[in-house]
Amino acid sequence: MSVDYLLHESSVGYAVFSVRMQADTVGARLKEVQEAHTDLARFGKMVQLVSFAPFQGASQALENANDVSEGIMSDYLQTVLESNLPKAGKKEKKEGHPGRIECETGETSELAGDLLRGLRLHAEKLLKSLQTGDVSRAQLGLGHAYSRSKVKFSVQKNDNHII
Amino acid sequence: EREAVAEVLAQRVDRELHPGVFVARGKEDLLVTKNLTPGEAVYGEKRISIDTPAPVSGDAATNGDSAPMATKTEYRVWNPFRSKLAAGILGGLEDIHMKPGSKVLYLGAASGTSVSHVADIVGPTGTVFAVEFSHRSGRDLINMATHRTNVIPIIEDARHPLKYRMLVSMVDCIFADVAQPDQARIVGLNAHQFLKVGGGVVVSIKANCIDSTAPPEQVFAREVGKLREERIKPKEQLTLEPFERDHAMVVGVYQRSG
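Parameters at a glance
Residues numbered from 1 in each chain as written. Chains lettered and ligands numbered in written order. Predicted model: local features only at pLDDT ≥ 70, side-chain atom pairs only at ≥ 80, totals over all residues. Heavy atoms only, no water. Pairing = 2+ DSSP bridges. Helix = DSSP H or I, 4+ residues; strand = E, 2+ residues; numbered from the N terminus. Axes fitted to C-alpha atoms, helices over the stretch in contact; angles between N-to-C directions. Contact = heavy atoms within 4.5 Å. Buried < 20%, exposed > 50% of the residue type's maximum accessible area, 1.4 Å probe, protein only. Salt bridge = Lys/Arg side-chain N within 4 Å of Asp/Glu carboxyl O. Core = buried A, V, L, I, M, F, W, Y, C linked by side-chain atoms within 4.5 Å. Buried area = accessible area lost by both parts, 1.4 Å probe. Polar contact = N/O pair within 3.5 Å; in protein donor to acceptor, adjacent residues only side chain to side chain. Nonpolar A, V, L, I, M, F, W, Y, C, P; charged D, E, K, R; others polar. pLDDT = per-residue confidence, 0-100. Expected span 1.5 Å × (residues − 1). 1 Å grid on protein atoms, 1.4 Å probe; cavity = no way out; pocket = protein on both sides within 12 Å on 5 of 7 lines; lining within 4 Å. Points joined across faces, edges and corners; volume = space filled by probe spheres on them. Right-handed = clockwise from strand over helix to strand, strands pointing away. Phe/Tyr/Trp six-rings, centres within 6.5 Å; stacked < 30°, edge-to-face > 60°.

**Thoughts on the sheet that holds strand β11 (residues 232–239) of chain B**
Residue and element names in this part refer to chain B. On the basis of which strands lie adjacent, the open sheet formed by seven strands has the order β8-β7-β6-β9-β10-β12-β11 and mixed pairing. Edge positions in the sheet fall to β8 (151–155) and β11, since each of these pairs with one other strand and no more. Adjacent strand axes in the sheet meet at a mean angle of 15°, parallel and antiparallel pairs treated alike. For strand β7 (residues 127–132) and β8, the ladder comprises five bridges, and the chain directions are parallel. Each residue of the ladder has a partner; that of Val128, found in β8, is Val151. Sitting on the sheet, helix α8 (residues 216–229) is in contact with β10 (195–206), β11 and β12 (247–254), with an inclination near 160° to β11.

Here's what the structure looks like:
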């Protein structure tokens, strides 16, 4: 099964990539194929950035992180996908996103996994508008915000001792 | 606390066991890491301050009017009875797959006491993604991370790595101390998602948590087999005696090809 589009969800925003070349299932575990994913020069030829939609501020990033963790498609993500994927057919596989409405179940093959790993590894280089350190700074802020909200809204908050 | 620092001031830090992990020589030898936030202890551990002789550079020698500045380096004592990783290091692990600049995914971060030492090891250019599910210890973890900006706290279930996929990059090493019966599967799921090809896996296995009826050696062997199935090639295995009973530490390398 071939993969047409990839969705990369990161702390800085959503990025849609189209797949230009991919390994076949039989060769996926070959050393050469695996090395191609690790090498930015070669991986850069396999995917092409269609669009990068950054988050406008920390609160939007947190909302989207919460939605992604619950498997919900946020309005923002829906807009991003609708404006960047061809309308006809609606058969494109949006990787990594077990979608809710229009899209089919996210593809979970090893091929897709390899491509998504490549995106995660090279994201900062593939998204040309980003500078080194942008992703990690955003991760730090988002990690704190996400974790704080988890702890705050905990139902089993059990250490509020009344003295 | 200031006295504690003064008391051990005479000690020397002279051996680097692994990049970023040192041994302080004194009345007794201590395992230490270089404090990322000098002047602060994380959980009441002892700190050791050492005078670092100023580097004699050619420039300083010619420029006589600026006296060479002696700088102080502060280390924090790492107790192997409280940290499995410290116990593993003292047990003689050959490669812990973390060094200054590394990105480490730490599963089972608890309150963050051991995580703080890993943060010392990877230093300001590295990152520790610290995953902990319990909200109670999660609060302490978040607190610790506010002082150490190379730690990203993630309060989430390590069984579902996709839930925190927006918060994590590709990492050089996964350390796991989750004490769950399906630990090998948890490690595998995270490795497939986030671990670089050739990245290290360091897992602490508590035999009791996996199967309390089988002999520990059998449990360890089974767990190593499960790690193999997750394409983690085992390289080292040791028990954590005398610091922990019926615990093993397994180190492997992630291989996606083949």
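Read on for the rest.
**Some details on unusual backbone geometry**
Residues and elements named next belong to chain B. Looking along the chain, the bond that leaves Glu241 and enters Pro242 is cis, with omega of 0°. At His97, a position not held by glycine, the phi torsion is positive, near 60°. One can find His97 in the loop between α3 (84–91) and β6 (103–107). The class for His97 is buried, based on a relative accessible area of 18%. Phi angles above zero are rare outside glycine, and Ala179 is one such case at about 50°. For Ala179, the position within the fold is in the loop between β9 (171–176) and α6 (183–194). Residue class for Ala179 comes out partly exposed when judged on its relative accessible area of 34%.

**Focus: the pattern of salt bridges**
As a working rule, side chains carrying opposite charge can pair if their charged atoms are close by. Within the structure shown, the criterion is met by 19 salt bridges over all chains. Within the structure, one salt-bridge network assembled from shared partners comprises B:Glu45, B:Arg76, B:Asp120 and B:Arg148.

**Observations regarding the nonpolar core**
Residue and element names in this part refer to chain B. One finds Leu105, Leu107, Ile154, Tyr164 and Val168 to be the most contacted residues of the largest nonpolar core, which totals 53 residues. Of the residues forming this core, the biggest block, five residues, is contributed by α6. Counting residues in each nonpolar core, the second largest holds 35 residues, with Val21, Ala86, Leu93 and Val122 among its members.

**Digging into the interface of chain A and chain B**
Taken together, the contact pairs 38 residues of chain A with 33 residues of chain B. With both sides pooled, the region where chain A packs onto chain B buries about 3200 Å², and carbon together with sulfur makes up 54% of that total. The largest contributions to the chain A side of the interface with chain B come from A:Arg117, A:Arg120 and A:Gln139, which together make up 25% of the buried area. Linking chain A with chain B are four salt bridges, by the criterion used here. B:Arg256 serves as the salt-bridge partner of A:Asp114, at 2.5 Å between the closest nitrogen and oxygen. In this structure, the connection of chain A to chain B is made through 15 residue pairs in polar contact (both at pLDDT 80 or more). Taken together, the elements giving at least two residues each to the side of chain A that touches chain B come down to α1 (31–38), α3 (58–70), α5 (110–126) and α6 (134–152) of chain A. For the side of chain A that touches chain B, the per-class residue count stands at ten nonpolar, 16 polar and twelve charged.

**Examining the confidence of the model for chain B**
Of the residues in chain B, 86% reach a pLDDT of 70 or more, and the chain-wide mean stands at 89. Every residue in residues 1–10 of chain B scores below 50 in pLDDT, and together they form eleven contacts with partners more than four places removed in sequence or on other chains.

**Brief notes about α3(A)**
Residues and elements named next belong to chain A. Between its terminal C-alpha atoms α3 stretches 18 Å, which fits the 18 Å expected from 13 residues at 1.5 Å a residue. Those residues of α3 that fall on the buried side of the exposure criterion are Gln60, Ala61, Leu62, Asn64, Ala65, Val68 and Ser69. For α3, the elements touching its buried residues are β1 (5–9), β2 (13–19), α4 (75–84) and α6. Trailing α3 by a residue or two, Gly71 shows a phi angle of about 75°, which is positive.

**Regarding the layout of surface pockets**
As a volume, the second largest pocket reaches approximately 410 Å³. Considering the residues around the second largest pocket, the lining is formed by 24 residues, among which A:Arg120, A:Leu121, A:Glu124, B:Lys103 and B:Ser169 are closest to the centre. Of all the secondary structure elements, the ones that give two or more residues to the lining of the second largest pocket are β1, α5 and α6 of chain A. It is α5(A) that contributes the most residues to the lining of the second largest pocket, six residues altogether. Here the residues of the lining of the second largest pocket sort into eight nonpolar, nine polar and seven charged.

**Some thoughts on the pairing of β6(B)**
All names here are of chain B. Along β6, four of the five residues are buried, which leaves the element largely enclosed by surrounding structure. Note on the crossover from β6 through helix α4 (residues 113–122) to β7: the handedness is right-handed. Pairing geometry for β6 and β9, over four bridges, is parallel. Pairing of Val104 across the sheet is with Cys173, part of β9.

**Concerning the packing of aromatic side chains**
By convention here, two paired aromatic rings are described through the distance between centres and the angle between planes. Residue and element names in this part refer to chain B. This structure, assessed with the given rule, holds seven aromatic pairs over all chains. Ring geometry for Phe81 and Phe243: centres 5.0 Å apart, planes at 80°, overall edge-to-face. Linking Phe81 in the loop between β5 (71–77) and α3 with Phe243 in the loop between β11 and β12, this pair joins segments that are 162 residues apart in sequence. Pairing Tyr106 with Phe175 gives two aromatic rings, centres 4.7 Å apart and planes at 45°, and the pair type is tilted. Placement of the pair is Tyr106 in strand β6 and Phe175 in strand β9, with a sequence separation of 69 residues.

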